[in-house]
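Below, each chain spelled out in residue letters.
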Number of protein chains: 2
Amino acid sequence: MTKYVYDFVEGDKNQKDLLGGKGANLAEMTNLGIPVPAGFTITTEACKEYLNSGSEPAELRSQVVAGLAKIEKTMGKKLGDQDDPLLISVRSGAKFSMPGMMETVLNIGLNDRSVEGIARQSGSERFAWDSYRRLLQMFGRTVLSIEGKLFDEALEKVKSERGTTADLDLTADDFKDLIGRYKLIIREQTGADFPQDPREQLNKAIHAVFDSWNTERAVLYRRQERIPADLGTAVNVMAMVFGNVGMDSGTGVAFTRDPGSGDTGEYGDYLQNAQGEDVVAGIRNTLPLHDLERLDKKSYEDLTGIMQRLEQHYRDLCDIEFTIERGKLWMLQTRVGKRTAGAAFRIATQLVDEGLIDMDEALQRVTGAQLMMLMFPQFDAAATDTTLIARGMNASPGAAVGKAVFDSHRAVDWAARGEKVILVRKETNPDDLNGMIAAEGILTSRGGKTSHAAVVARGMGKTCISGADELDVDVTAGQFTAPGGLVVREGDVISIDGTSGAVFLGEVPVVPSPVVQYFEGTIDPDTSDDPLVKSVHRLMVHADEARRLGVEANADTPEDAARARRFGAGGIGLCRTEHMFLGDRRKLVERLILADTDDEKDSALQALLPMQRQDFIEILEAMDGLTVTIRLLDPPLHEFLPSLESLSVERAVAQATGKPPASGRSTEELDKLYDAVVRLHEQNPMLGMRGVRLGLVVEGLFPLQVRAISEAAIARKKAGGDPRPQIMIPLIGAVQELEITREEAEQVLGQVRSENGGIHVETPIGTMIELPRAALTAGQIAQVAEFFSFGTNDLTQTTWGFSRDDVEAAFFTRYLDLGIFGVSPFETVDRDGVGALVKMATETGRAANPKLEIGVCGEHGGDPESVHFFNAVGVDYVSCSPFRVPVARLEAGRASSGVVGSDTR
Amino acid sequence: MTKYVYDFVEGDKNQKDLLGGKGANLAEMTNLGIPVPAGFTITTEACKEYLNSGSEPAELRSQVVAGLAKIEKTMGKKLGDQDDPLLISVRSGAKFSMPGMMETVLNIGLNDRSVEGIARQSGSERFAWDSYRRLLQMFGRTVLSIEGKLFDEALEKVKSERGTTADLDLTADDFKDLIGRYKLIIREQTGADFPQDPREQLNKAIHAVFDSWNTERAVLYRRQERIPADLGTAVNVMAMVFGNVGMDSGTGVAFTRDPGSGDTGEYGDYLQNAQGEDVVAGIRNTLPLHDLERLDKKSYEDLTGIMQRLEQHYRDLCDIEFTIERGKLWMLQTRVGKRTAGAAFRIATQLVDEGLIDMDEALQRVTGAQLMMLMFPQFDAAATDTTLIARGMNASPGAAVGKAVFDSHRAVDWAARGEKVILVRKETNPDDLNGMIAAEGILTSRGGKTSHAAVVARGMGKTCISGADELDVDVTAGQFTAPGGLVVREGDVISIDGTSGAVFLGEVPVVPSPVVQYFEGTIDPDTSDDPLVKSVHRLMVHADEARRLGVEANADTPEDAARARRFGAGGIGLCRTEHMFLGDRRKLVERLILADTDDEKDSALQALLPMQRQDFIEILEAMDGLTVTIRLLDPPLHEFLPSLESLSVERAVAQATGKPPASGRSTEELDKLYDAVVRLHEQNPMLGMRGVRLGLVVEGLFPLQVRAISEAAIARKKAGGDPRPQIMIPLIGAVQELEITREEAEQVLGQVRSENGGIHVETPIGTMIELPRAALTAGQIAQVAEFFSFGTNDLTQTTWGFSRDDVEAAFFTRYLDLGIFGVSPFETVDRDGVGALVKMATETGRAANPKLEIGVCGEHGGDPESVHFFNAVGVDYVSCSPFRVPVARLEAGRASSGVVGSDTR
């Protein structure tokens, strides 16, 4: 016979799969000798069988009856008794807490007769009839699926007939009247009377909990959170105790430490003569938990004693719900409590100091996501005088204040003269990079969380709100219009909260992040008196000791490189070179593209050479002694030219009006440029002439870059440095591409070496793995590569067949809503698809070339869950934006020291 | 000791790996007792060791000496002898014939002394000194790598000094003079004298052959043909015989049957008193082989006897080279001979009738590529009065004649009134589909072999030249200008040859394809007196009996469906629905997109329903009793709207000039349309909102299509038909997408069924596998799919990360040149990348769902080499354009009946 019913004395906290979280913890407390009302849990197995077969398992009914008999015996009361009836509650309780499922039916056991017994026992007619009407209402809504507003309307009607608006003014007789109306509603809506038999009430409630596993909201929630659909829920049946039977009764919620700050000591609220739902309803103000000491010293001491025991037992912060019935304390729930990011770090090291856990376990108690929260500046929560003018997407967290500026050049100029600016654009593109660097934050009216603005800002750790489409941004006029017609002009101060997506007019005070100051080296953890900084420091040190995975940074300026180094990066895993072709150099790229002869082309390349060389000298200097992996030019050439649309418009308007072109170019220049753009135009640039394809078609381009790298390295070596460049070829799909490109690069390296008297700087050559075909043929490619670096952004685009540029606009949000992804695959690596390719390529690559160094340089390199995955499949290092380096270090430490995979629920 | 040298008596025809093709066949003939000059072959192993280590294997020299001694013994002459010297030839001979490698050095053994012996022996001073200067020239060029033009210039100089322009006028003394000059060139260019030692000549020639394996051209050729780089070449050393020592000598080439027509009987050319190179040089006209009977009956009879033996022995058409030296016949080479497509089919069945091979083997003797050649109409090769005006890419073969028309609507109109038209466009897009259907052929000035025009035309089996960029096409003026200023106006007749890419002015006569007439059923193979039709028929019947693989067709009109059925398709594997939203219905799609309310949207959908239903009724009727796999709408919605560029220009011009919009739309309509296009605009539409994404975002769209399919099927069933629709969901990347879409589709199927009194038409639901992620998670997807259909075009795009639309423009041609692909991966499936995904998904899909039906519906379904691959990995059927159905049937038969993989070399 399968055991479907576990009395609370039979289970323990490790049986969450079978008993759900709530049931397992109730059992644990019961067995610790902590006062819990008698009860039992019906297992998730029973639920699963019910859902699969459509009816409850044959043995369940008799086991419930037996369980109930135990409760009756323990409590000395009988369900449905007309003198002193037992009342019970029925609650759902799955392995993971799940909004959308039926929560609770209280007061089961009340009927037309037992209500009288309760009235006598409690000495309160009003209490008894109020309890009964609550049962009818709750049962009607959740078990019988009757629309809640029918009950609400009936209640309102009674109140208005009594000439009042407050429930508290209603009498026992009023509730009796209301009960009549409720019964009528139930009969009308279901064609049957409210069941007077308490056993029938109980069984129906149990089935309702089972059924609630499959409500639409619950299904959606599971899809989004990637909770398996076949877990099922447990059902907890427990004797009712009442906090609302006098001033010696009451109810409360509490934490064993302050979940906000992490400060030690109990923390909670208490409400006299009340039930849990009254606390939630907020009818009266609650008292601080410490006041209970004054009101009921015995219960207070019992409670704090229990809380201390629970914390020792669970070795963590716990939260609890309790009720005092006529001076007797009952615990109704406990679990490991939620806490803020700062509290998590502080509590973790406190528990180490208290000897409850070791540092490895402390590392498991904090997450990279929490660390990230601690790194962003935030608006002062105490600020009150704020004017919210719009909301957009919380694209990159943090708080930024500055003057609105609508042009990237002006943003740079204003910042140079010491102004703080917020760059406001419809959307950004690579030309805005300097403006974005100069700005405190970025605000766009178009694009979502994966738009250019959002992705680049997150990479910089810079506050960004994207897609604030309520704002009508007019870049030409230098202003935007907010809902209601408020106009913000260039130079007006605004504040943007990248954590919430809120845009404020004027300056909202900002609180700086001490954790970032610690990473920057401006706060010394040994001398600081900030306990949070000390906790973070201790945990970071331990993470670095524990981790196997290297952490490098994506950086392409000397400033970013230096910051990455301060933040603990062990090298640069991705130094992009495209920004080195922007700004003033764009003209040279234009010359290169428009060149009619080889001489013109060579002269453009030659002009670029010293600039490129200087770029690399500075970066190699900043990272002296550490590897710098430089990716040769990746984006399609037309990104360096104006758009086809704008040129078409300019030409058509010039022709139609007979006026000269608007840009000031001559008609011939415009035509030539237009022809080039048409020639280079691609339907799908992401799938076009990029990366190595560019290198193989535009002769001289990659050799120029290789020469610049090699000359820079030799210059550094001559200056006494320790340069460690690596050359990375992008967008390889076939080993032949790498063979040809590598051969060419090695020729250039050899030339530069002999031009410099044989000075040798070891310069490994490797490749991005960012196309499915590269991953599928990794065994071939590994034979001619010294390293692999997975470009998981691009790999995600091609594996899924969608583009990072376009997705937000259309179906992406809908996919998140539908739960097709729980989280964007651009944020956390998709294990089944992209992850399978990473795993496969790591294995076959390493088998073909055991010396192969393998890294990851996509955005995922700084994503906590992804870091665990990469650690598990055996890559050597991850590379991420400098700001994410500490996060990756922490998660890499967690991955090595503890569980496989982070606990994301 | 490794054996590196095989005397001709030691090898046989199956040792091509070791002895190369030429050497293996020489050995075979020797062992058949056929007169072959004595000789030996140095193995490919020797070459490989030489290339790997940089010097020849230690044992090689002595083995060559021993081999030479055998030749000397057999021929009764000695190398370098001053009285009667042996001369030898050295030739390369790899496993696969490879242009770019050194071919031959003749006359080795001649030096300042032995030349006198040859003069005496041959009785011709001139012959001797001419032979010697030829050796110097060949040796200098190929062995010593001296520029050939130095020798040519010296020869010209001598001729001009003698006052002649013909070699034949030169005397022995002239050649002696020339030899002096040649020696000087050799000394000047190499710093050393021409080696007088015949052994040194031989060794140097052998090394030169080894080295020629790695010439640039040879490397490139191997890359393109995907011949492994490490095979190496063999070297054949053979005693020289001379056909140019009198009128009783001569040389010839011959085939055992006519390689052009396939007619039986020997066929070849003979030239008296000549050597092979004279035949090639075309100095004198050759005689038909049969004339040899008159000139030298004995040799003729020997020769025809040998040819018959070779054919019996090789059981195939052979070609041969032979020389008669003073009445003695010598065979210098044989191999299985190349032949035209028609000859291949005829000879295959002839050999069956002659009892040499069985039908299975006959099937291996023909290819789908040959069948394809037989299916295209061709210009009459006899036509002389043609005016070539331009060349483009031979995008889709065949011959087409018609009036140039520059607009698809007019093409349809003109065709409707019985005119034959050639559609001429800069490039085509889906709107041109009807025009393309109406036209005899398509000519574009832009786009390559994978442009829209090319791909669609190939799909239709319609002649197409794309990218004829010499032509300046002016669609608005209705004319194009050819090089030289020739203007062709709408209505002028042109002829286009899709097989060669040639564009002619005026009408060139076309020969129809009897093979297509046979497939169409208008020629009955039993009564026809065309032997080619009979052969094709016999082989097709056998292929159908032999094949495991099903062959279906891609078709989306009733006409195409009917044709596919006539061509032997077992169903429709891909019925696209996008054309059903074009033409007049485009307005409804525009209404659907621009709808402000649900009502407007519904009304647009409702208007589409009866049209869609009628589409499906007609197709199901044409394919009654066979499956029709209908793909729900796939392309992004903006494809149904005007381009962003054109709308931007129209608006900007209207604003700048103050005139109304050029299209005749009101300003408001234009603005609304513009806004919608901006909203739907995607940077990378190929990676955008297509396929199932569209279905999940545009509510009601897929249900409309499912309803139309279901109602059409029921209508057909009511009419007594046997409809077999299948519903295919495109662009699935995650199983959740399919779950949601399938559930919705099944609801609609259920509704339509109950609206129709429960009439049930089995309608399996499956999915395209066209994204890497779908292939990687095929095990999950197979659990909710009844069939898979690999969309290998799209899978190629995302696996490689390039787009079919853009590739021709930029790097694709360069990649083919560089040999990064031997053939476009859009033409033949890329086994290592895309193929690996197909294999993986087939295996995991079938493991998860053993009933899963698996097909391929990309272009590759009709590509011969790809068909073999799909057969090998175990898919159930391929689906291709109707025109390719016979090709796929033939190749599927070949794949089942014989070798694994087609022989492509």
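Relevant structure appears above.
Computed from a predicted structure; not experimentally measured.

## Remarks on the overall build of chain A
Counting secondary structure elements, chain A contains 35 helices and 33 strands. Principal-axis analysis of the C-alpha atoms places the extent of chain A at approximately 105 × 65 × 60 Å. Evaluated residue by residue, chain A yields a buried proportion of 57% over its 905 residues. Pairs at least 24 residues apart make up 67% of the contacts formed inside chain A by residues separated by at least 6 positions. For chain A, the accessible area works out to roughly 35,500 Å², and carbon and sulfur atoms hold 48% of it.

## What to know about the interface of chain A and chain B
Across the boundary between the two partners, chain A contributes 57 residues, which contact 58 residues of chain B. Together chain A and chain B conceal approximately 4,900 Å² of surface at their shared face, both sides included; 63% is due to carbon and sulfur atoms. Linking chain A with chain B are two salt bridges. Its salt-bridge partner being D830 of chain B, residue R773 of chain A comes within 2.7 Å of it at the nearest N-O pair. Taken together, the connections running from chain A to chain B amount to 18 residue pairs in polar contact (both at pLDDT 80 or more). Those elements that provide at least two residues to the side of chain A that touches chain B are α24 (644-657), α25 (667-680), α26 (691-697), α28 (735-755), α29 (772-776), α31 (792-800), α32 (812-818) and α33 (834-848) of chain A.

## Considering the sheet that holds strand β23 (residues 493-497) of chain B
Residues and elements named next belong to chain B. As summarised here, the arrangement of the eight strands in space is β14-β24-β23-β16-β17-β18-β19-β15, forming an open sheet in which the pairing is mixed. Unpaired on one side and paired on the other, β14 (387-391) and β15 (393-396) mark the two borders of the sheet. Within the sheet, the average angular offset between the axes of one strand and its neighbour, ignoring direction, is 30°. Sheet analysis places strand β18 (residues 441-444) next to strand β19 (residues 463-466), joined by three bridges and oriented parallel.

## Here we look at the sheet that holds strand β22 (residues 487-489) of chain B
Residues and elements named next belong to chain B. Strands sit in the order β20-β21-β22 across an open sheet of three strands; the sheet is antiparallel. Both outer strands of the open sheet, β20 (472-474) and β22, are each paired with one neighbouring strand and no more. The sheet shows a mean angle of 15° between the axes of neighbouring strands, taken without regard to direction. In this sheet, strand β21 (residues 479-481) lies alongside β20 in antiparallel orientation, the contact comprising three bridges. Each residue of the ladder has a partner; that of D474, found in β21, is Q479.

## Side note on the pattern of salt bridges
Residue and element names in this part refer to chain A. All chains considered together, the criterion is met by 120 salt bridges over all chains. The residue E72 makes a salt bridge to K78 at a minimum N-O spacing of 3.7 Å. Residue E72 is classed as buried on the basis of its relative accessible area, which comes to 10%. Ionic pairing is found between D84 and K77, a salt bridge with its closest N-O pair at 3.7 Å. For K77, a relative accessible area of 32% corresponds to the partly exposed category. Linked by salt bridges that have partners in common, E161, R162, D174, D177 and R181 make up one network.

## Thoughts on the relation of the copies chain A and chain B
Mapping chain A onto chain B is achieved by rotating through 180° and translating by 0.1 Å along the same axis, at an RMSD of 0.2 Å. In the structure described here, the two chain copies are related by an operation that fits a two-fold rotation axis. The fraction of interface residues of chain A whose copies in chain B are also interface residues reaches 100%, indicating that both copies meet through the same surface.

## As for the side chain of Q350 of chain B
All names here are of chain B. Note on placement: Q350 falls in helix α13 (residues 341-353). According to the relative accessible area criterion, Q350 is buried, its value standing at 13%. Discounting chain neighbours no more than four positions away, the residues touching Q350 are R257, G262 and T264.

## Considering the nonpolar core
Among the nonpolar cores identified, the biggest contains 289 residues, and L371 and V536 of chain A together with L371 and V536 of chain B are the most heavily contacted of them. For L371 of chain B, the contacting residues outside a window of four places in its chain are F345, V515, F519, V536, M540, P886, V887 and L890 of chain B.

## Topic: the packing of aromatic side chains
Under the definition given, this model contains 33 aromatic pairs over all chains. When the ring of Y518 of chain A is compared with that of F519 of chain A, the centres are 4.9 Å apart and the planes differ by 40°; the resulting orientation is tilted. Of the two residues, Y518 of chain A and F519 of chain A, both sit in the buried class. A centroid spacing of 6.2 Å and a plane angle of 55° characterise the contact between F406 of chain B and F480 of chain B, whose relative ring orientation is tilted. Here F480 of chain B lies in strand β21 and F406 of chain B lies in the loop between β16 (399-405) and α16 (408-416), a separation of 74 residues in the sequence. For the pair F406 of chain B and F480 of chain B, a shared accessibility class is recorded, and that class is buried. Among the aromatic residues, those joined into a cluster by ring pairs are W129, Y132, F139 and F194 of chain A.

## Some remarks on the packing of helix α31 (residues 792-800) of chain B against helix α33 (residues 831-848) of chain B
Residue and element names in this part refer to chain B. Following both chains from N to C, one finds α31 and α33 inclined at 120°, their axes separated by 9 Å at the closest point. Considering the angle they form, α31 stands oblique to α33. Regarding α31 and α33, the two cross each other, and that crossing is right-handed. Here T792, L795, T796, T799 and W800 of α31 come into contact with α33, specifically with G833, V834, L837 and V838. Considering only residue class, the contact of α31 with α33 consists of five nonpolar, four polar and no charged.

## Some details on the pairing of strand β8 (residues 250-255) of chain B
All names here are of chain B. Note that β8 and strand β9 (residues 267-272) share six bridges and pair antiparallel. The residue bridging T251 from the neighbouring strand is L271, located in β9. For β8 and strand β11 (residues 318-325), the ladder comprises six bridges, and the chain directions are antiparallel. Across the sheet, residue G250 finds its bridge partner in β11, namely I324.

## Thoughts on the side chain of T428 of chain A
Residue and element names in this part refer to chain A. Relative to the helices and strands, T428 resides in the loop between β17 (421-425) and α17 (433-438). Taking relative accessible area as the criterion, T428 reaches 7% and is therefore assigned buried. A polar atom in the side chain of T428 sits 3.1 Å from the backbone nitrogen of A453. Ignoring anything within four residues of it in the chain, the contact list for T428 reads M436, I442, T444, H452 and A453.

## Brief notes about the packing of helix α22 (residues 586-594) of chain A against helix α23 (residues 598-622) of chain A
Residues and elements named next belong to chain A. In contact at an axis separation of 8 Å, α22 and α23 are set at 155° when each is read in the N-to-C sense. Comparing the axis directions of α22 and α23 gives the class roughly antiparallel. By crossing handedness, the relation of α22 to α23 is classed as left-handed. Across the interface between the two elements, L588, R591, L592 and L594 from α22 touch E600, K601, S603, A604, L605, A607, L608 and M611 from α23.

Basis of the calculations
- Residues numbered from 1 in each chain as written.
- Chains lettered and ligands numbered in written order.
- Predicted model: local features only at pLDDT ≥ 70, side-chain atom pairs only at ≥ 80, totals over all residues.
- Heavy atoms only, no water.
- Helix = DSSP H or I, 4+ residues; strand = E, 2+ residues; numbered from the N terminus.
- Buried < 20%, exposed > 50% of the residue type's maximum accessible area, 1.4 Å probe, protein only.
- Contact = heavy atoms within 4.5 Å.
- Areas by Shrake-Rupley, 256 points an atom, 1.4 Å probe, with all protein chains shown as cover.
- Buried area = accessible area lost by both parts, 1.4 Å probe.
- Salt bridge = Lys/Arg side-chain N within 4 Å of Asp/Glu carboxyl O.
- Polar contact = N/O pair within 3.5 Å; in protein donor to acceptor, adjacent residues only side chain to side chain.
- Pairing = 2+ DSSP bridges.
- Axes fitted to C-alpha atoms, helices over the stretch in contact; angles between N-to-C directions.
- Least-squares fit on C-alpha atoms with pLDDT ≥ 70 in both.
- Core = buried A, V, L, I, M, F, W, Y, C linked by side-chain atoms within 4.5 Å.
- Phe/Tyr/Trp six-rings, centres within 6.5 Å; stacked < 30°, edge-to-face > 60°.
- Parallel < 35°, antiparallel > 145°, perpendicular 65-115°, else oblique.
- Left-handed = near helix turned anticlockwise from the far one by under 90°.
- Nonpolar A, V, L, I, M, F, W, Y, C, P; charged D, E, K, R; others polar.

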